[in-house]
Amino acid sequence: MKAVLLAAAISLVVALLGTPMFIKFLVRQGYGQFIRDDGPTSHHTKRGTPTMGGAVIIGASLSAYFLSHLLTLTPLTMSGLLVLFLMGGLGLVGFLDDYIKISKQRSLGLRSGEKLAGQTLVAVIFAVLALQFPNSHFRTPAAPFVSFVRDTPVNFAFAGTLLGLILFVIWANLMIAGTSNGVNLTDGLDGLATGASVMVFGAYVLIGIWQFNQNCQTNPGTKCYEVRDAHDLALVAACVMGACFGFLWWNASPAKIFMGDTGSLALGGGLAGLAITTRTELLVVILGGLFVIITLSVIIQVGSFKLTGKRVFRMAPLQHHFELVGWNEVTIVIRFWIIAGLFVALGLGVFYAEWVAGAA
């Protein structure tokens, strides 16, 4: 528990103090945000605001993870390293996308095919490695099952190991694409995605600690959790949560810096990685309910326009609809944070209720 608190504190301080230094560096380089002309007119005042701030979140998370292990003399785990690899790999894809946008001063960075290829490559490597490296109890970082609050009877390896691996890789790719794009779509107003991410990663700190205390390796029982490195996964979640907290100080309205695709893809990847390694793959749909709603708003808007030629919302994603309706940006962010918090509370309630019901 001390290591988890230490990791959160280190990442918060690094992000809080490192972000203004990164802002000064970006300003000197002229790396400012490009604003689309077809977006809300209120966003035009944000043109030139430094972006790629997600690099600070990634850097703070990585430094806190390794430093906390060094200071507490605890070993690194494959589960923690894989989640950080996924987060950093997707962050690199987002960084390339952001850099092209800034350097060429256009709204399009990487082509959709190039961006998808980069995301897929990182996701495939993560998924394949997550089913390797068994520990002394023969547990790997992930398992070829569909999970909710723990593994369900749905086993991808029903027809053999190879097919199971292929199906798991496809499933992991869908999850990673869904969460990374969900956070990316949510990142449209000052502090919105960052604040929501703090809550969801905070939930995974609690889930990891609970799973560690009720782990089958140390506390066997009928409702113990078959999670390989639960404590270290809680530590990873604490690193990201603390980094988001520190970054939010500078990203809150009026934002001095944006996270860009560098941050949104990284946070989405970290979220998917934690869901897969803590065996809570379907629970993340509830915990990240705000991201789901915003993603659905885009799907509904595009589908309605293609089928009927009419738009359901004035603009998608959903937060921009409320901007055009006349809501103040800060009002939208706070109300969406409330929604995010309600979903996190619901998800944690479902997680705990399942254990209580099973332990009764």
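Higher on the page you've got the structure.
The following paragraphs examine the structure supplied in this document. (Residues numbered from 1 in each chain as written. Predicted model: local features only at pLDDT ≥ 70, side-chain atom pairs only at ≥ 80, totals over all residues. Heavy atoms only, no water.)

1. Brief notes about the state of the cysteines
- All chains considered together, the criterion is met by one disulfide.
- Note on cysteine connectivity: Cys-216 is disulfide-linked to Cys-224, with sulfurs 1.9 Å apart. Around the S-S axis, the bridge from Cys-216 to Cys-224 shows a dihedral of about 95° and counts as right-handed.
- Owing to a relative accessible area of 13%, Cys-216 belongs among the buried residues under this scheme.
- For Cys-224, a relative accessible area of 13% gives the class buried.
- In this structure Cys-239 is a free cysteine whose sulfur lies 11 Å from that of Cys-244, the closest cysteine sulfur available.
- Taking the relative accessible area as the measure of exposure, Cys-244 reaches 0% and is therefore buried. (Disulfide = S-S within 2.5 Å. Buried < 20%, exposed > 50% of the residue type's maximum accessible area, 1.4 Å probe, protein only.)

2. Concerning helix 8 (residues 260-277)
- Over its 18 residues, helix 8 extends 26 Å from the first C-alpha to the last, a length consistent with the 26 Å expected when each residue adds 1.5 Å.
- Buried residues dominate helix 8, accounting for 18 of its 18 residues.
- Positive backbone phi, at 60°, marks Arg-279, one or two positions downstream of helix 8. (Helix = DSSP H or I, 4+ residues; strand = E, 2+ residues; numbered from the N terminus. Expected span 1.5 Å × (residues − 1).)

3. Focus: the environment of Asp-190
- Looking at the secondary structure, you find Asp-190 in the loop between helix 5 (161-186) and helix 6 (192-213).
- On the accessibility criterion, Asp-190 (6% relative accessible area) is buried.

4. Considering the layout of surface pockets
- Approximately 320 Å³ is the volume found for the second largest pocket.
- The wall of the second largest pocket is formed by 16 residues, among which Met-175, Gly-178, Thr-179, Val-285 and Val-292 lie closest to the centre.
- Here the element with the most residues in the lining of the second largest pocket is helix 5; it accounts for six residues.
- Within the lining of the second largest pocket, the residues separate by chemical class into 10 nonpolar, five polar and one charged. (1 Å grid on protein atoms, 1.4 Å probe; cavity = no way out; pocket = protein on both sides within 12 Å on 5 of 7 lines; lining within 4 Å. Points joined across faces, edges and corners; volume = space filled by probe spheres on them. Nonpolar A, V, L, I, M, F, W, Y, C, P; charged D, E, K, R; others polar.)

5. Regarding the environment of Leu-26
- Within the secondary structure layout, Leu-26 lies in helix 1 (residues 2-29).
- Taking the relative accessible area as the measure of exposure, Leu-26 reaches 1% and is therefore buried.
- Separated by 24 residues in the primary sequence, Leu-26 and Pro-50 have C-alpha atoms spaced 6.0 Å apart.
- Leaving out residues up to four positions away in the same chain, Leu-26 has contacts with Tyr-31, Pro-50, Thr-51, Met-52 and Ile-257. (Contact = heavy atoms within 4.5 Å.)

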